[in-house]
Amino acid sequence: MENRRVAIIGGGLGALSGAIRLAQLGFSVQLFEKNPKIGGKVNEAILGDYRFDTGASLLTMPFVIDELFETAGFKRSDYLDFLPVDPMCRYFFPDGSAMNASADKKKMKTAIAQLSPNDVEAYERFLKYAERIHNLTAEIFMFTPIHELRRLIRPRHFRTLFRLHQIDPFRTVHERVSRFFSDPRLVQLFDRYATYNGSDPFQAPATLNIIPYVEYGFGGYYIKGGIYRLIEALEIVARQRGVQIQTSAKVERICHVGKRVNGVQVNGETIDADYVLCGADAVVAHHELINGHRHQQKKLNQLEPSLSGMVFLWGVKGKQPALAHHNILFSRDYRTEFKQIFKHQQVPDEPTIYIAITSKTDTVHAPTDAENWFVLLNMPYLAPGQVWEHEKTRMRTVVLRKLKQHGFDIADRIAVEQVYTPEDFSELYASNKGSIYGVSSNSRTTAFKRLPNRSRLLKGLYFAGGSVHPGGGIPLVILSGKMAATLIAEDHASRG
Ligand SMILES: Cc1cc2nc3c(=O)[nH]c(=O)nc-3n(C[C@H](O)[C@H](O)[C@H](O)COP(=O)(O)OP(=O)(O)OC[C@H]3O[C@@H](n4cnc5c(N)ncnc54)[C@H](O)[C@@H]3O)c2cc1C
């Protein structure tokens, strides 16, 4: 294993994806996670008789996970059951109407026809348009380390590079969605997809309309037993491939001699390594783990963090048959909600409420005649002037009031409770300003400004995870780990 030692920082999905691939390629891999268990933002909590996923709740692009298992010589279906969720989401609009969204095109068209018959044809056109963006961009923006010129400038990418205007970067998500749909409820529904990578539909480029294509084209999934089962399965794969995992092991410093990394410092001890793959937030890492480089730190501070969130885990007595596994209760004024969040970094007066109830699918996650509610609100990243202890209480009242207005009066039925604020996300996962997806895509140049998978400062240092290319969300961070591992293997081969 001479010259093939890799130290991995963090046990999030991007890092795990990189660790497994590198071990499979014959590298000696040590992974250090500061928390008592791995998984990062994919996490779970047990409160009394209730079980919750506390982070990601919806899985898209399942083939990305299948590929990771296959690369390591495993079959995903031997470890995990992916269950398609239908309806993918039940939407509740401010006027009291509701709609089930489905990846089944026929069902979706019927649901749209009931809401707004004129928009059925618009939906078909929108999907074709989103598919075109997907076909033009997926290869470059999702599967290629775009900061590596020699990989970007390839004949098969020319088609996209010469047709960049066709990926709709000059309008915002909202501007484009409003041109397709006449019913404001459908505009709000399709605007929402910008939040899948933590962005603002009123600022993010319409290129992000690739996201609804991914969801309606490839489906939305739940993992039987909970999304955290993914981490448990990957831990088995990683250990079997020889990855050494140390938990409660905080990396304090990335060590280097001149411009070449030579290890990491963990709990005061120096661990020698030939390569370091950082799966921790790259902005935080540049501030806290790498000495000096003020200019780079200043540059990174200009990257706008993604949305943060406030999460209420509620064990709720009684059942609510009107709710599905995934639900959205939209705010009355989406534009104001995002303006408050991104422009003013304020807690929105009236947030959109997302509720995931895994006990609808996995009945054992709550006692009989009860449900486990994961309630997520869009929140600003951390900024001066916010007082989260106060906002926690205020938002609890706002949410319970709004739920009651929609006919879900649960205030007296909450048996167990836990709350997470942006401060908690920052503390728990060392994410930049509590962001939950890394860097936002609120400008058309973000895709290129996001940090690359290979450090420009230090030789032998690589990055994976939501804060670097290609961005946040389960499938993309797994792809980031793949890109980082591929670059390490290539660089190692060229060192001879
Ligand atoms: C509430 C919430 C809801 C979400 N919903 C969805 C969803 O439905 N679908 C979806 O696809 N995605 C969703 N996401 C996003 C998705 O979970 C993340 O994009 C993804 O899990 C992040 O992976 P990562 O590789 O960036 O690592 P992270 O999960 O950020 O993990 C980084 C790890 O590094 C560790 N670490 C940091 N610094 C150090 C150090 N110095 N030493 C050692 N360890 C360190 C941290 O403790 C952490 O475990 C959600 C996220 C949240 C929080």
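What you see is a predicted model, and the numbers here were worked out from it, not measured in a lab.

Turning next to the overall build of the chain. Within the chain one finds 17 helices and 19 strands. Radius of gyration (C-alpha) of the chain: 22 Å, near the 23 Å computed for a compact globule of 496 residues. Over its C-alpha atoms, taken along the principal directions, the chain stretches across nearly 65 × 55 × 50 Å. For the chain, with 496 residues in total, the buried portion stands at 51%. Residue pairs at least 24 apart in sequence account for 72% of intrachain contacts in the chain once pairs closer than 6 positions are excluded.

Further remarks concern the sheet that holds strand S2 (residues 28-32). If you trace the five strands from one edge of the open sheet to the other, you get S9-S2-S1-S13-S19, paired in parallel fashion. Of all the strands in the sheet, just strand S9 (244-246) and strand S19 (461-463) have a single pairing partner and so form its edges. On average, adjacent strands in this sheet sit at an angle of 20 degrees to one another, irrespective of strand direction. In this sheet, S9 lies alongside S2 in parallel orientation, the contact comprising three bridges. Bridge pairing links Leu-31 to Ile-245 in S9.

Running from N to C, helix H1 (residues 13-24) and helix H10 (residues 229-240) cross one another at 25 degrees; their axes reach a closest spacing of 9 Å. Looking at the two axes, H1 sits roughly parallel to H10. The handedness of the crossing between H1 and H10 comes out as left-handed. Of the residues in H10, those in contact with Leu-16, Ala-19, Ile-20 and Ala-23 of H1 are Leu-234, Val-237 and Ala-238. In the contact of H1 with H10, the residues fall into seven nonpolar, no polar and no charged.

Grouped together as the largest cluster of nonpolar side chains are 146 residues, with contacts concentrated most on Val-6, Ile-8, Ile-9, Ala-19, Val-276, Leu-277 and Val-375. A total of 10 residues in this core trace back to one element, the largest contributor, which is helix H17 (residues 474-495).

In this section: the site of the ligand. Gly-10, Gly-12, Gly-14, Gly-40 and Gly-465 are the nearest of the 37 residues found near the ligand. Among the secondary structure elements, those contributing two or more residues to the shell around the ligand are H1, strand S14 (308-317), helix H15 (422-429) and H17. For the shell around the ligand, the element with the highest residue contribution is H1, accounting for three residues. Among the residues making up the shell around the ligand, the classes are represented as 18 nonpolar, 15 polar and four charged. Here the shell around the ligand gathers at least three residues from each of two domains, domain 1 (5-46 + 53-82 + 225-304 + 443-495) and domain 3 (307-429).

Among the residues making up helix H3 (residues 105-115), those that are buried are Met-108, Ala-111 and Ile-112. When H3 is viewed along its axis, its buried side chains cluster within an angular range of 95 degrees and face the same direction.

The next point concerns the pairing of strand S13 (residues 275-278). Neither face of S13 is exposed, since Tyr-275 and Leu-277 on one face and Val-276 and Cys-278 on the opposite face are all buried. Note that strand S1 (residues 5-9) and S13 share four bridges and pair parallel. Considered in S13, the bridge of Ile-8 is made with Leu-277.

Attention shifts here to the pairing of strand S10 (residues 251-257). Strand direction decides the pairing type here: S10 and strand S11 (residues 260-266), joined by six bridges, are antiparallel. Its bridge partner being in S11, Val-251 is matched across the sheet by Val-266. Linkage of S10 to S11, two consecutive antiparallel strands, is achieved through a turn of two residues, within which Gly-258 is found at a positive phi near 60 degrees.

Interface size, as often reported, equals the accessible area lost upon joining of the parts. Taken domain by domain, the chain holds domain 1 (5-46 + 53-82 + 225-304 + 443-495), domain 2 (106-217) and domain 3 (307-429). In this structure, domain 2 and domain 3 have C-alpha centres spaced 27 Å apart. Between domain 2 and domain 3, the residue contacts involve nine residues of the former and eight residues of the latter. Tallied by class, the residues present in the side of domain 2 that touches domain 3 amount to two nonpolar, four polar and three charged.

What counts, and where the lines are drawn
- Residues numbered from 1 in each chain as written.
- Predicted model: local features only at pLDDT ≥ 70, side-chain atom pairs only at ≥ 80, totals over all residues.
- Helix = DSSP H or I, 4+ residues; strand = E, 2+ residues; numbered from the N terminus.
- Rg over C-alpha atoms; globule rule 2.2 N^0.38 Å.
- Buried ≥ 20, exposed ≤ 12 C-beta atoms within 10 Å, placed from the backbone.
- Contact = placed C-beta atoms within 7 Å.
- Pairing = 2+ DSSP bridges.
- Axes fitted to C-alpha atoms, helices over the stretch in contact; angles between N-to-C directions.
- Parallel < 35°, antiparallel > 145°, perpendicular 65-115°, else oblique.
- Left-handed = near helix turned anticlockwise from the far one by under 90°.
- Nonpolar A, V, L, I, M, F, W, Y, C, P; charged D, E, K, R; others polar.
- Core = buried A, V, L, I, M, F, W, Y, C linked by C-beta atoms within 7 Å.
- Near = placed C-beta within 6 Å.
- Domains from an automatic or database assignment.
- Arc of directions from axis to C-beta.

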